[in-house]
Protein chains: 4
Amino acid sequence: MSHNTFGHLFRVTTWGESHGPALGCVVDGCPPGLALTEADLQVELDRRRPGTSRFVTQRREPDAARILSGVHEGVTTGTPISIMIENVDQRSKDYGDIARQFRPGHADYAYFAKYGVRDPRGGGRSSARETAARVAAGAVARKVLGEAVSVRAAVVQVGPHRIDRSRWDWAETARNPFFSPDPGVVEAWEAFLDETRKRGSSAGAIVEVVAEGVPAGWGAPLYGKLDAELAAALMSINAAKGVEIGAGFGSAELSGEDNADEMRAGPTGPLFLSNNAGGVLGGISTGQPIVARAAFKPTSSILTPRRSIDEDGSDVEVVTKGRHDPCVGLRAAPVMEAMTACVLADAWLRHRAQTGGASFVPGRV
Amino acid sequence: MSHNTFGHLFRVTTWGESHGPALGCVVDGCPPGLALTEADLQVELDRRRPGTSRFVTQRREPDAARILSGVHEGVTTGTPISIMIENVDQRSKDYGDIARQFRPGHADYAYFAKYGVRDPRGGGRSSARETAARVAAGAVARKVLGEAVSVRAAVVQVGPHRIDRSRWDWAETARNPFFSPDPGVVEAWEAFLDETRKRGSSAGAIVEVVAEGVPAGWGAPLYGKLDAELAAALMSINAAKGVEIGAGFGSAELSGEDNADEMRAGPTGPLFLSNNAGGVLGGISTGQPIVARAAFKPTSSILTPRRSIDEDGSDVEVVTKGRHDPCVGLRAAPVMEAMTACVLADAWLRHRAQTGGASFVPGRV
Amino acid sequence: MSHNTFGHLFRVTTWGESHGPALGCVVDGCPPGLALTEADLQVELDRRRPGTSRFVTQRREPDAARILSGVHEGVTTGTPISIMIENVDQRSKDYGDIARQFRPGHADYAYFAKYGVRDPRGGGRSSARETAARVAAGAVARKVLGEAVSVRAAVVQVGPHRIDRSRWDWAETARNPFFSPDPGVVEAWEAFLDETRKRGSSAGAIVEVVAEGVPAGWGAPLYGKLDAELAAALMSINAAKGVEIGAGFGSAELSGEDNADEMRAGPTGPLFLSNNAGGVLGGISTGQPIVARAAFKPTSSILTPRRSIDEDGSDVEVVTKGRHDPCVGLRAAPVMEAMTACVLADAWLRHRAQTGGASFVPGRV
Amino acid sequence: MSHNTFGHLFRVTTWGESHGPALGCVVDGCPPGLALTEADLQVELDRRRPGTSRFVTQRREPDAARILSGVHEGVTTGTPISIMIENVDQRSKDYGDIARQFRPGHADYAYFAKYGVRDPRGGGRSSARETAARVAAGAVARKVLGEAVSVRAAVVQVGPHRIDRSRWDWAETARNPFFSPDPGVVEAWEAFLDETRKRGSSAGAIVEVVAEGVPAGWGAPLYGKLDAELAAALMSINAAKGVEIGAGFGSAELSGEDNADEMRAGPTGPLFLSNNAGGVLGGISTGQPIVARAAFKPTSSILTPRRSIDEDGSDVEVVTKGRHDPCVGLRAAPVMEAMTACVLADAWLRHRAQTGGASFVPGRV
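Keep in mind that this is a model prediction, so the values were computed, not measured. (Residues numbered from 1 in each chain as written. Chains lettered and ligands numbered in written order. Predicted model: local features only at pLDDT ≥ 70, side-chain atom pairs only at ≥ 80, totals over all residues. Heavy atoms only, no water.)

### A short note on the interface of chain C and chain D
Item 1. Taken residue by residue, the interface counts 120 residues in chain C and 120 residues in chain D.
Item 2. When chain C packs against chain D, the two sides together hide about 9300 Å² of surface, and 59% of this comes from carbon and sulfur.
Item 3. It is Lys 114, Tyr 223 and Lys 241 of chain C in chain C that bury the most area against chain D; as a group they hold 10% of the surface buried on that side.
Item 4. Note that Glu 257 of chain D is salt-bridged to Arg 199 of chain C, the shortest N-O span being 2.9 Å.
Item 5. Taken together, the connections running from chain C to chain D amount to 60 residue pairs in polar contact (both at pLDDT 80 or more).
Item 6. Considering each element in turn, the side of chain C that touches chain D owes the most residues, seven residues, to helix α2 (residues 108-115) of chain C.
Item 7. When grouped by side-chain class, the residues that make up the side of chain C that touches chain D number 55 nonpolar, 39 polar and 26 charged.
Item 8. The sheet contact formed by strand β11 (residues 240-245) of chain C and strand β11 (residues 240-245) of chain D spans three bridges and is antiparallel. Of the residues in β11 of chain D, the one forming a bridge with Gly 242 of chain C is Glu 244 of chain D. (Contact = heavy atoms within 4.5 Å. Buried area = accessible area lost by both parts, 1.4 Å probe. Salt bridge = Lys/Arg side-chain N within 4 Å of Asp/Glu carboxyl O. Polar contact = N/O pair within 3.5 Å; in protein donor to acceptor, adjacent residues only side chain to side chain. Helix = DSSP H or I, 4+ residues; strand = E, 2+ residues; numbered from the N terminus. Nonpolar A, V, L, I, M, F, W, Y, C, P; charged D, E, K, R; others polar. Pairing = 2+ DSSP bridges.)

In structure tokens:
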């Protein structure tokens, strides 16, 4: 990962500001011969789109993606795929008051300190609006991975309220505005977020992503470990403050014998009796589902007044109006899927490069 | 990060297996004119060295680092610095029993599935012994960062036993074999680890790293965000299963107003009233201490028998003899410092490249 | 350089096909605070633009560049600069006859063999039309280099007709349609190219680029040598078949004493008595003008029938109608400037990263 | 290519100075399962070794390569292969006189200007001795390419004396100390080089490398074009000043119809009727032999006195004693083979990554 490009072979470069004319990405290194249309992108973008419930920002963006290159007659050609999404509902005047102020907890000050200049409209480059480009790229990555690999995310905690994992049902994630796999928690989240929004505050969340169907052998140790790349990809999402794989932080409290996922012989490799590893050992996939979670802090743009300074170095009190997500973590679910799909597509191409692409099976080498 | 190299401008390539003749690294892109001797490396390597207490592996390795290039008359020349550490206390026969077995929770099976061939002696490339090369590189990175930046790590949890943060004293980390900043917890950890070791088990741990003196402005958003690169670097350490920055996973439960670190005007930028951000906002350093934590799972090489399979695909029961760390997380403290120092040195060079290296100060632009 | 991105810190990603809706580039890593407008790009694009004389393709493209991101109120922000140029004068039906044929000497067959699918309209991705994106990026690179560094190119040979170097005048390059620095050769080139065009043939050319004002010390040996990166950048231009630095291939015939550029003490470093090195020694700039030449083969799209095969594997005879440059080397002059400017901007940022950016002066260290 | 690493997937990092204790390389990304021994490296290193005739430097180096990692029981494991070659015949006192002087035409001054510090013994890092590491890496690359691909180089010009191409016989290159494929030119080269050496001068050379058996489809346009990467790789060799592919600079004088290599239908793709392209079109291999040439300037270390300056900025007269190649281009032949093999191995892995590795055949898609 470097500047605004990530990936080694399946490489995604994103560009664009929240209130600029457009944003987009260039997906390079995509294999040729894959069927790809703008509709394939749109279905994913629609899941991340703002303005769809009262729990997300009210900005109205169609997020219509145009493919400008790299696809000929509905098929990828192996050349760079340029995707553009026009911004249509900017309201830069919303930002008049805070154009020269630094919102506490926001990237405002850090961008100023680094560059000495910034586009303050809607957070400029640091806006979560950029994640639309990631989602578009993720839709391409899914084509590379094919039908055999599924990548799904669900919100598992909002503020202090956690789901009941025994009620997990993937189908539920499409039936509520929270990507919750547990229908039983929805009412509590609604109440919590309504209350949070009304008092001018915001809330954090934890999101879990699961990739199933990934064969054993993907990942490039030691510094391109699959979990290291996944950690970087998820941590690069706006507001992410933590990432864990499998049992994650909980593994620190397990005993060696409880943590180690035992195996029995199966027809095409080991059958694992548990998945504390989250599908990755030594930076390489094991064939088990890859499971990762990320923690998202509360949105920093809130109505409650906060102490800060401005570009002149003077003390100010910041109140952020405008349209903002009360819980940015909610919309992180499709973004986590996209980033995970991109990391996996890249890992797959690299694995195919070095080894030819197969997984070695015990007893058959 | 890619294969066995990490960093963009300050680039570290490591090589070597646990039971090969040697291991080492090549540090490329180091600025010229820095004083550097083998003694500078040794002081860091000695902190990570095995065999220093009954709580770490009993393998006896002097870990003597030789500088083979890139330094002339005690000064870096800007050319690649090759560092070699010879292995002297390999006992490959210890691995006779498990040469064809896959230890549950270990990288054994994953390496086999990816490559079809592996060096089983001591875990080969996946051994934590490789981290000696990281520590050597980290010592070079410290020279790049200079005296103004300090990077220190401490173990904050072993198994279920956490430190009392109110007793934090950095000086204590050098006075006990656990890198604990809290002397009050040492007795409990001793008892817990002795008991763990005696029953043939192992334990996990959580380690915290703090970098102080980092100016505002380091980090290259969006995909080279300082926290994203740090997450990858820490997650690439053996046995790491989770990484968090600042308030980390806890931030998901904070309200927007509690999470956002308020600011007041100070002489050279903002004075922050809290540090939930862990020193990074929008992927860029803020001038506050950078605080990260990583969770390490229990060592997978244990004496307690575990069910598994072997290279023939047959069911086996694995008992790992040999010499192993009962809690690999302990020795991760100097490794986390090294990885953090390398990430920061790289971020510093990249910041200097793009902007000239200064931080912009509100009121003075 | 990798796929469709080049540069390490000043990174350019290009996208687009000859007959797609648009083409463009993303320039990442640009320093902040530089004045940049679309007019800055246009002045360079207009020099490369087709349709300006009878000696270049008659396709009429305004090549109007739009900046979509990375610039706020006329100043670069340090975030990625996305530039888009819409295609307006595609005539894809011109390619009907050769849509399934491989033009001899063209990339047609190679793209087919690699990808199994290609966009045949106007050469698709392999079209020289892509170089518009390079020229736009080069205009940004010039801003990074500043006024002190000039990068200029001139055509020094068309077919077998060479300029008389004793008549070299940079101002002349803007006064004839051939970028010739020698007004005396223009008439001969006109006659030669008119004759070439009339008989349905095409011609090659040699172009020289000179960068003045580059301080000593740029370049990152050994594998990022300034001349190695320049060689790759120039060889990546369509139709380039050779690159040389300074005395180039001629240096093979020089004696050691004639080749070595002698030095005398000057006020800020050596005064060189000759420049056979072309401004680069050991991969590092010496402070002398950087001089490189590239050879361009004749355009492969010609009216003269040539034997070939088609996508069915059948023998065919190819006649390429459509609109083509009779001597693609002519329009390579602004492209060579752009590529050289990009390589230098990248080298400058990398030099600043590793060393702080100064050149060391003998007698003053 | 970046600093001291080249390649994207098959990555080579070299280190070491001419008079340091050792030099070497780390080859990362090598596929697993390849048979590889130190003897495989030695056969290539012996071809580049100094001291084998009066036409090369008299330094006596066995160039014995040790493999320190990445190979287990004679087979590559997919982990980094560290190779070390100890220096045994340094005579640093030879350099006493020129320790603070800049040899005209040498990298001495450029390294000083960049870094402010340098290892002057034997040219330090800029010495051609580093190419031993490249040759070792090239031997690994040959294993990746397998038997079907051959990479051979020959010297085709020494000073002004060219071979007669009609007498080309690859077997001859092993029968004379000049890597000449034309036995008829050997006597003239002997006389020329003896005379050159006796008058304290040095000579340049042109070397041609030919890779046969490369299938169509390798190369990653636009900025990882096979010829662009080859140009960078060859230009990175010490003393190289020019690189050309196929007809190269001569193509500028060809007509469009003469230059374009015609095709007829063959059993597995086109049969080409000529090879002006040198096996590469649009940056992608065509299945024809890949043919490249590089020009090497005369060695800059000569006995004839030359005017220069020293580190104090004073005028001096430089006479270079010590042991030097009178024609460094001679020993470039095995180095060119090595660099070409590395570029091809990398291209092969990248092609396999993106497409699966096959070449599409007209009539069979």
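### What about the pattern of salt bridges?
Item 1. What the rule picks out here adds up to 136 salt bridges over all chains.
Item 2. For Arg 118 of chain D, the salt bridge goes to Asp 108 of chain D, with nearest N and O atoms at 3.5 Å. Here Arg 118 of chain D, found in the loop between α2 (108-115) and α3 (131-145), pairs with Asp 108 of chain D, found in helix α2; they are ten residues apart in sequence, far enough to count as distant. With respect to burial, Arg 118 of chain D and Asp 108 of chain D carry one shared label: buried.
Item 3. Salt bridges sharing common partners tie together Arg 100, Arg 103, Asp 108, Arg 118, Glu 311 and Asp 312 of chain A. (Buried < 20%, exposed > 50% of the residue type's maximum accessible area, 1.4 Å probe, protein only.)

### Section: the relation of the copies chain C and chain D
Item 1. Expressed as a screw transformation, the operator carrying chain C onto chain D has a rotation angle of 180° and an axial translation of 0.0 Å, and the superposed copies differ by an RMSD of 0.0 Å. Such a turn and shift between the copies fits a two-fold axis.
Item 2. The residues that chain C uses at the interface reappear at the interface of chain D in 100% of cases, marking a shared surface. (Least-squares fit on C-alpha atoms with pLDDT ≥ 70 in both.)

### Section: the packing of helix α3 (residues 131-145) of chain C against helix α7 (residues 332-355) of chain C
Residues and elements named next belong to chain C.
Item 1. Two elements in contact, α3 and α7, have axes separated by 7 Å at closest approach and are oriented at 45°. As judged from the angle between their axes, α3 and α7 are oblique. Crossing angle aside, the handedness with which α3 passes α7 is left-handed. Residues Thr 131, Arg 134, Val 135, Ala 137, Gly 138, Ala 141, Arg 142, Val 144 and Leu 145 of α3 form the contact with α7, whose participating residues are Pro 334, Val 335, Glu 337, Ala 338, Met 339, Ala 341, Cys 342, Leu 344, Ala 345, Trp 348 and Leu 349. (Axes fitted to C-alpha atoms, helices over the stretch in contact; angles between N-to-C directions. Parallel < 35°, antiparallel > 145°, perpendicular 65-115°, else oblique. Left-handed = near helix turned anticlockwise from the far one by under 90°.)

### Considerations on the layout of surface pockets
Item 1. Considered as a void within the structure, the largest pocket measures approximately 730 Å³ in volume.
Item 2. Lining the largest pocket are 24 residues, and of these Phe 249 of chain A together with Arg 162, Glu 244, Phe 249 and Gly 250 of chain B lie nearest its centre.
Item 3. Of all the secondary-structure elements, those providing two or more residues to the lining of the largest pocket are β8 (150-158) and β10 (205-212) of chain A together with β8 (150-158) of chain B.
Item 4. In terms of residue class, the lining of the largest pocket is made up of nine nonpolar, four polar and eleven charged. (1 Å grid on protein atoms, 1.4 Å probe; cavity = no way out; pocket = protein on both sides within 12 Å on 5 of 7 lines; lining within 4 Å. Points joined across faces, edges and corners; volume = space filled by probe spheres on them.)

### What about the sheet that holds strand β7 (residues 81-86) of chain D?
All names here are of chain D.
Item 1. Strand order in the open sheet made by the five strands is β1-β2-β3-β7-β4, with antiparallel pairing throughout. Only two strands of the sheet have a single neighbouring strand rather than two, namely β1 (5-6) and β4 (65-67).
Item 2. Examined bridge by bridge, β4 and β7 share three bridges and lie antiparallel to one another. In the sheet register, Ala 65 faces β7, and the bridge partner there is Ile 85.
Item 3. Contacts from α3 reach β2 (11-16), β3 (22-28) and β7 within the one sheet, and its direction differs from that of β3 by about 30°.

### Describing the packing of aromatic side chains
Item 1. The tally for this structure, following the rule as stated, stands at 38 aromatic pairs over all chains.
Item 2. Measuring from centroid to centroid gives 5.5 Å for Phe 102 of chain C and Tyr 109 of chain C, while their planes differ by 70°, and the two rings are edge-to-face.
Item 3. The class for Tyr 109 of chain C is buried, based on a relative accessible area of 4%.
Item 4. Counting every residue linked through ring pairs, the aromatic cluster contains Phe 102, Tyr 109 and Phe 112 of chain A together with Phe 272 of chain B. (Phe/Tyr/Trp six-rings, centres within 6.5 Å; stacked < 30°, edge-to-face > 60°.)

### Some remarks on the interface of chain B and chain A
Item 1. The interface of chain B with chain A comprises 120 residues on the first partner and 120 residues on the second.
Item 2. For the pair chain B and chain A, the summed buried surface comes to about 9400 Å²; carbon and sulfur atoms form 59% of the total.
Item 3. Considering only the surface of chain B that becomes buried against chain A, Lys 114, Tyr 223 and Lys 241 of chain B emerge as the three largest contributors, covering 10% of it.
Item 4. At the boundary of chain B and chain A, one finds ten salt bridges.
Item 5. The salt bridge partner of Glu 262 of chain B is Arg 307 of chain A, with a shortest N-O separation of 3.0 Å.

### Section: the sheet that holds strand β1 (residues 5-6) of chain B
Residue and element names in this part refer to chain B.
Item 1. Read across the sheet, five strands follow the order β1-β2-β3-β7-β4 without closing on themselves; strand pairing throughout is antiparallel. In this open sheet, the two edge strands, each paired with only one partner strand, are β1 and β4 (65-67).
Item 2. Pairing between strand β2 (residues 11-16) and strand β3 (residues 22-28): six bridges, direction antiparallel. Each residue of the ladder has a partner; that of Trp 15, found in β3, is Gly 24.
Item 3. Relative to the sheet, helix α3 (residues 131-145) contacts β2, β3 and β7 (81-86), its axis offset from that of β3 by approximately 30°.

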